[in-house]
Amino acid sequence: MRSRPVAPGPTWAVPAPSWADALDRYTKFLQVPSWRASVRRTGQEMGLSPTDAKRLRDQMLAALGRVLGDRFQTTKPSSGHLVELWARRARSIPRSERCPSRLQVHFQRAFLLNAGGYTCAYCGRTAWGVYEEKCHGELPRTLRFEVDHRTTRGRLEDPSRFDPKNLVAACRSCNVVKGEMSPKRFLAELESLGNAVGQRRNQRRSNTYQPTPGQVRRSSPSGGARKPKRRR
Ligand SMILES: [Zn+2]
């Protein structure tokens with residue numbers, strides 16, 4: 001039987017000081033099933049198996065060693081490291097010095113999640129906050145994070161240039177709704193959406209049954225009234 005994955009926790013709000021610790025959190029995070037906008041046909045969203053998580057961590061540490069040498073053990077994870085890793089993805093580079101392309105997105109996510117404290121850059125939900133939410137009998141799940149280009153690639157002067165400053169970790173829901181919007185436009189949309197949901201919730205609350213003074217009088221022992229019908 002699968003053992004229960006280590007849950008993300010509020011201590012992750014503070015960035016881990018080293019790549020080794022950051023990757024430790026990242027590969028733990030990947031073992032927790034995550035919510036996604038489009039659920040697989042089986043309705044299951046599995047996390048990474050512990051064996052695959054360990055393999056990924058080892059591969060990432062090895063790639064860091066090839067590209068950054070000992071620096072990855074002695075310096076804090078930085079966006080400059082992402083640029084160096086990105087520059088070494090080409091197949092023309094000898095394998096002994098290369099960072100495989102398939103690891104690039106993992107490095108980006110691990111770095112951005114660590115720097116941003118496993119919090120969505122737009123809605124502010126956290127990996128552990130969502131993990132604690134009610135899950136209607138299913139296994140607890142965490143947010144599904146994606147790498148978002150704050151300014152979408154289509155709007156960039158040179159879309160081929162790799163600029164880590166333009167990247168943030170965003171939850172899948174925000175990333176899908178944001179689409180081609182600018183961050184400013186999207187935050188306005190999110191605020192509008194939040195207000196509308198809040199208003200509806202208040203409306204539903206105020207729609208719950210409140211007896212009128214006449215009904216209270218009739219239902220008093222002396223009034224002998226029928227129970228008022230419950231309204232939804
Ligand atoms: Zn979000």
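Residues numbered from 1 in each chain as written. Predicted model: local features only at pLDDT ≥ 70, side-chain atom pairs only at ≥ 80, totals over all residues.

**Student:** Lay out the overall build of the protein chain with the relevant residues and their values.
**Tutor:** Of regular secondary structure, the protein chain possesses nine helices and two strands. Each helix and strand of the protein chain, placed in order from N terminus to C terminus, yields the pattern α-α-α-α-α-α-β-β-α-α-α. In the protein chain, which comprises 232 residues, the proportion classed as buried is 22%. Taking all contacts inside the protein chain whose residues are at least 6 apart in sequence as the whole, residues at least 24 apart take part in 65%. (Helix = DSSP H or I, 4+ residues; strand = E, 2+ residues; numbered from the N terminus. Buried ≥ 20, exposed ≤ 12 C-beta atoms within 10 Å, placed from the backbone. Contact = placed C-beta atoms within 7 Å.)

**Student:** I'd like a rundown of unusual backbone geometry, residues and numbers included.
**Tutor:** Of note in the backbone geometry, Y118 takes a positive phi value of approximately 50° without being a glycine. Here Y118 shows up in the loop between helix 5 (101-115) and helix 6 (127-132).

**Student:** How would you explain the nonpolar core if you had to name every residue and give the values?
**Tutor:** With 37 residues, the main nonpolar core has Y26, A110, L113, A127 and A170 as its most contacted residues. For this core, the secondary structure elements donating two or more residues are helix 1 (19-29), helix 2 (50-68), helix 4 (79-87), helix 5, helix 6 and strand 2 (167-171). If we skip the residues at most four places from it in the chain, L113 touches Y26, Y118, F145 and A169. (Core = buried A, V, L, I, M, F, W, Y, C linked by C-beta atoms within 7 Å.)

Without other data, these values stay purely geometric and don't point to any function.
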